[in-house]
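# Notes for the structure review
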Amino acid sequence: MTVVPYKDKDSSKREQIAEMFDNVSPKYDFLNHLLSAGIDIYWRKRAIKLLKKENPQTILDIATGTGDFAIEALALKPKKIVGIDISEGMLSVGREKIKKLGMENVIDLRTGDSANLPLESNSFDAVIASFGVRNFENLLHGLTDMCRVMKPGGTCVILEFSKPKTFPFKQLYNFYFRYILPIVGRMVSKDSAAYTYLPESVQAFPDGNDFLKIYEQAGFKNTKCIPLTFGICSIYIGKK
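In this report, the structure presented in the accompanying data block is examined. Think of each chain on its own: its residues are numbered from 1, step by step along the sequence as written. Residues qualify for local features only when their pLDDT is at least 70, as the model is predicted, and side-chain atom pairs are given and counted only at 80 or more; totals for whole chains, interfaces and linings, by contrast, use all residues. The side-chain numbers reported here are obtained from all heavy atoms of the structure, hydrogens and water having been left aside.

## Some details on the overall build of the protein
Numbered from the N terminus, helices here are DSSP runs of H or I no shorter than four residues, and strands are runs of E no shorter than two. Secondary structure assignment for the protein yields 9 helices and 7 strands. Here the globule rule reads 2.2 Å times residues to the power 0.38, and the radius of gyration is calculated from C-alpha atoms. Relative to the globule expectation of 18 Å for 240 residues, the C-alpha radius of gyration of the protein, 17 Å, shows essentially globular dimensions. Dimensions of the protein, computed from the C-alpha atoms along their principal axes, are close to 45 × 35 × 35 Å. Remark: exposure states derive from per-residue accessible area (1.4 Å probe, protein chains only) relative to the maximum for the residue type, with buried under 20%, exposed over 50%, and partly exposed in between. Burial statistics for the protein: of 240 residues in total, 54% are counted as buried. Throughout, a contact is declared for two residues whenever any of their heavy atoms are within 4.5 Å. Residue pairs at least 24 apart in sequence account for 72% of intrachain contacts in the protein once pairs closer than 6 positions are excluded. Charge convention: Lys and Arg are scored as positive, Asp and Glu as negative, and His as well as the terminal groups of each chain are ignored. For the purpose of locating charges, the reference atoms are NZ of Lys, CZ of Arg, CG of Asp and CD of Glu. For the protein, the separation between the mean place of its 33 positive charges and that of its 27 negative charges on side chains is 7 Å.

Written as C-alpha cells, this is what we have:
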C-alpha cells in the first residue's frame, strides 16, 4: 500500500508530496534541526565526506528541498551542483540560502520530478540524495533514473531514515517518532499531515539489505549500507 500524506485526497503521491513540502517549506529547516536535535547536520557531513576521495566535479542532488545537502557538497569543491525538486516552495527557500552564500554560480536549483529527471544520461560524476528517495512514487524507477544520469564509474550516495533494531533504543525511537514528533511538527508547521506521514513513510520504507536489493536492481554495483546513530539513519553507497 502506498503511503501518502493526505489520505482524504485522490491526488497522486507525487502531487501530495509537492503540496506537503510547499506547505511546510517556511519551517522545514527549523523543524529538521529541532526534531533531530541537530544530528541531521552531522549525518549530511558524514555522507559528503564519503565522496571526498572521488573528487566529483559535477554533482546532482536529488529531491534537494531547501538545498542543505547541495550546500554541504560545496566542501568537495565541485565545479557545478544541480539540485532537483518538485516543490517550488522548498526551492525558493533554498535559493535564498544559496544567494546569501554567494554560490549561485555553483549551485543551480531546478524544479523537476526526481523520478523522471529532465537530464542527459551519463552527465554527473556523483548523484546524492538526503531524505528524498523515501518519497518516490516508484522507488525502483526513481533509482534507475538516478543511475542513468550518472557517469560510468560515478558514485551515488543516499542518506535516508531507517529503523533501529536494538533494545531499548528501538522502543524509545518508535515512541518519539510516533507520538512526540507528529505533535511538535504539527504545532510548528501548521500542517496536520506532514509529520504524521514522516513516521508512516519510514515504517513502510525498505531499509538496510532490502534497500540494497532494489539499489542493485536499479543498476548500481558495489553497494554498501552504513547505519548511523543506532540505525536511525543509513547511508547507501552505489557505483555505476
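## What about the pattern of salt bridges?
Salt bridges are defined by distance alone: a side-chain nitrogen of Lys or Arg within 4 Å of a carboxyl oxygen of Asp or Glu. Counted under the stated rule, the structure contains 15 salt bridges. In this structure, E200 and K7 form a salt bridge, with 2.7 Å as the shortest nitrogen-oxygen distance. Of this pair, E200 sits in helix α8 (residues 194-204) while K7 sits in the segment before α1 (13-24), placing them 193 residues apart in sequence. For E200, a relative accessible area of 28% gives the class partly exposed. Salt bridges linked by common partners bring D29, D68 and K97 together as one network.

## Points about the pairing of strand β7 (residues 233-239)
Among the 7 residues in β7, 6 count as buried, and that is most of the element. In this structure, strand β5 (residues 150-161) lies alongside β7, joined through 7 bridges in antiparallel fashion. Within β7, the residue paired with I158 across the bridge is Y236. Here, a strand pair is defined by DSSP locating no fewer than two bridges between the strands. Bridging between strand β6 (residues 221-228) and β7 involves 6 bridges; their strand directions are antiparallel. Note on β7: the bridge partner recorded for K224 is I237.

## Observations concerning the environment of K239
Within the secondary structure, K239 is located in strand β7. Taking the C-alpha atoms as reference points, K239 and M150, 89 residues apart in sequence, are found 9.2 Å from one another. Not counting residues within four places of it along the chain, the set of residues in contact with K239 comprises E54, M150, G153, G154, T155, G219, F220, K221 and N222. We call two N or O atoms a polar contact when they sit within 3.5 Å, provided that within protein one can donate a hydrogen and the other can accept it, with sequence-adjacent residues counted only if both atoms are side-chain atoms. At 3.3 Å, the side chain of K239 forms a polar contact with the side chain of E54.

## A short note on the environment of K224
Position of K224 among the secondary structure elements: in strand β6. Along the primary structure K224 and L212 are separated by 12 residues, whereas in three dimensions their C-alpha atoms are 7.3 Å apart. Not counting residues up to four positions away in its chain, the partners in contact with K224 are L212, I235, Y236 and I237.

## Structural notes on α8
The complete set of buried residues in α8 reads A194, Y195, Y197, L198, P199, S201 and V202. Against the buried residues of α8 lie α1, α2 (28-35), β5 and α7 (169-189).

## Focus: the environment of K80
Structurally, K80 is set in strand β2 (residues 80-85). In this structure, the C-alpha to C-alpha distance between K80 and T58, residues 22 residues apart in sequence, is 5.0 Å. Ignoring anything within four residues of it in the chain, the contact list for K80 reads Q57, T58, I59, E104, N105, V106 and D108. A distance of 3.5 Å separates the side chain of K80 from the backbone oxygen of N105, its partner in a polar contact.

## Comments concerning the packing of α2 against α7
In contact at an axis separation of 11 Å, α2 and α7 are set at 150 degrees when each is read in the N-to-C sense. Here α2 is positioned roughly antiparallel relative to α7, judged by the angle of their axes. Our pair here, α2 against α7, has a crossing hand that is right-handed. Counting all contacts with α2, which are made through F30, L31, L34 and L35, the residues of α7 involved are Y176, L181, V184, G185, V188 and S189. The angle between two axes is taken between their N-to-C directions and runs from 0 to 180 degrees, where each axis is a line fitted to C-alpha atoms and a helix contributes only its stretch in contact. Oblique is the label for every angle not falling under 35 degrees (roughly parallel), over 145 degrees (roughly antiparallel), or within 65 to 115 degrees (roughly perpendicular). When the near helix sits turned anticlockwise from the far one by under a right angle, the crossing is termed left-handed; a clockwise turn instead gives a right-handed crossing.

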